[in-house]
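Spelled out, the chains give:
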Amino acid sequence: LDVDGEDDFFSSDLTDDQLCERLGHVGRKKDLDLIAVYSGKDEYVPSFVDKEVLLRRMVKAMNNGVECCDVGGDNGSKEGNASGLMLENANHNLSESEGDGARFVAAVGKLLSRW
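Residues numbered from 1 in each chain as written. Predicted model: local features only at pLDDT ≥ 70, side-chain atom pairs only at ≥ 80, totals over all residues. Heavy atoms only, no water.

**Observations concerning the overall build of the protein**
When helices and strands are counted, the protein shows three helices and two strands. Within the protein, the proportion of its 115 residues that are buried is 38%. Considering only contacts within the protein whose residues lie at least 6 apart along the sequence, 52% involve residues at least 24 apart. For the protein, the accessible surface area stands at approximately 7,000 Å², while carbon and sulfur atoms represent 52% of it. (Helix = DSSP H or I, 4+ residues; strand = E, 2+ residues; numbered from the N terminus. Buried < 20%, exposed > 50% of the residue type's maximum accessible area, 1.4 Å probe, protein only. Contact = heavy atoms within 4.5 Å. Areas by Shrake-Rupley, 256 points an atom, 1.4 Å probe, with all protein chains shown as cover.)

**As for the environment of Val-53**
As for its placement among the helices and strands, Val-53 is situated in helix H2 (residues 51-62). Separated by 41 residues in the primary sequence, Val-53 and Ser-12 place their C-alpha atoms 9.2 Å from one another.

**Side note on the confidence of the model for the protein**
Low pLDDT marks regions whose predicted coordinates should not be analysed in detail. Of all residues in the protein, 81% attain a pLDDT of 70 or more, and the chain-wide mean is 84. The least confident element of the protein is helix H1 (residues 16-23), whose mean pLDDT is 90; the most confident is H2, at 94. (pLDDT = per-residue confidence, 0-100.)

**Topic: the nonpolar core**
The biggest cluster of nonpolar side chains holds 16 residues, and the ones touching the most others in it are Leu-19, Leu-23, Tyr-38, Leu-55, Met-58 and Met-62. Mapped onto this core, the elements with two or more residues apiece are H1, strand E1 (34-39), H2 and strand E2 (82-87). Element by element, the count of residues in this core is highest for H2, at six residues. Contacts of Met-58, omitting those with residues within four sequence positions, involve Phe-10, Leu-19, Leu-23 and Tyr-38. Counting six residues, the second largest nonpolar core, distinct from the first, contains Ile-35, Leu-85, Leu-87 and Ala-90. (Core = buried A, V, L, I, M, F, W, Y, C linked by side-chain atoms within 4.5 Å.)

**Digging into helix H3 (residues 100-113)**
Between its first and last C-alpha atoms H3 spans 20 Å; for 14 residues at 1.5 Å apiece the expected length is 20 Å, and the two agree. Regarding H3, the residues found buried are Asp-100, Ala-107 and Leu-111. Buried residues of H3, viewed axially, fall in a sector of 40°; they line one side. Set apart from the buried face of H3 by more than 90 degrees, the exposed residues are Ala-102, Val-105, Leu-112 and Ser-113. Along its buried surface, H3 packs onto E1 and E2. (Expected span 1.5 Å × (residues − 1). Arc of directions from axis to C-beta.)

**So, the pattern of salt bridges**
A complete count under the given rule lists four salt bridges for this structure. Put simply, Arg-103 and Glu-88 hold a salt bridge, and the shortest N to O gap is 3.3 Å. Within this pair, whereas Arg-103 is found in helix H3, its partner Glu-88 is found in the loop between E2 and H3, the two being separated by 15 residues in sequence. For Glu-88, a relative accessible area of 42% translates into the label partly exposed. (Salt bridge = Lys/Arg side-chain N within 4 Å of Asp/Glu carboxyl O.)

So, in structure tokens, the structure goes:
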């Protein structure tokens, strides 16, 4: 990963404008629905990062600056096509906390059922 490089999409120190530059193309794809999932106890993310705030910022950037729904995997905004799901107790690969894998699969299934 190159800090602030072309492949840096998710760093917590990116500004809102930088996030929009990197993720705004998602909102321009009107036939695309997306769910951004973040693990609350991801062991690869520094503990000082407020993961819920970062997830909200990423989803907003993906929706071209439109505030979205709650971070629960259900896109309540008709203007944006990205939603977020925070798995508060999950680690990076969802192997530690009971029920997180099922929540992830259910959210993806709900997203796919729209098609």
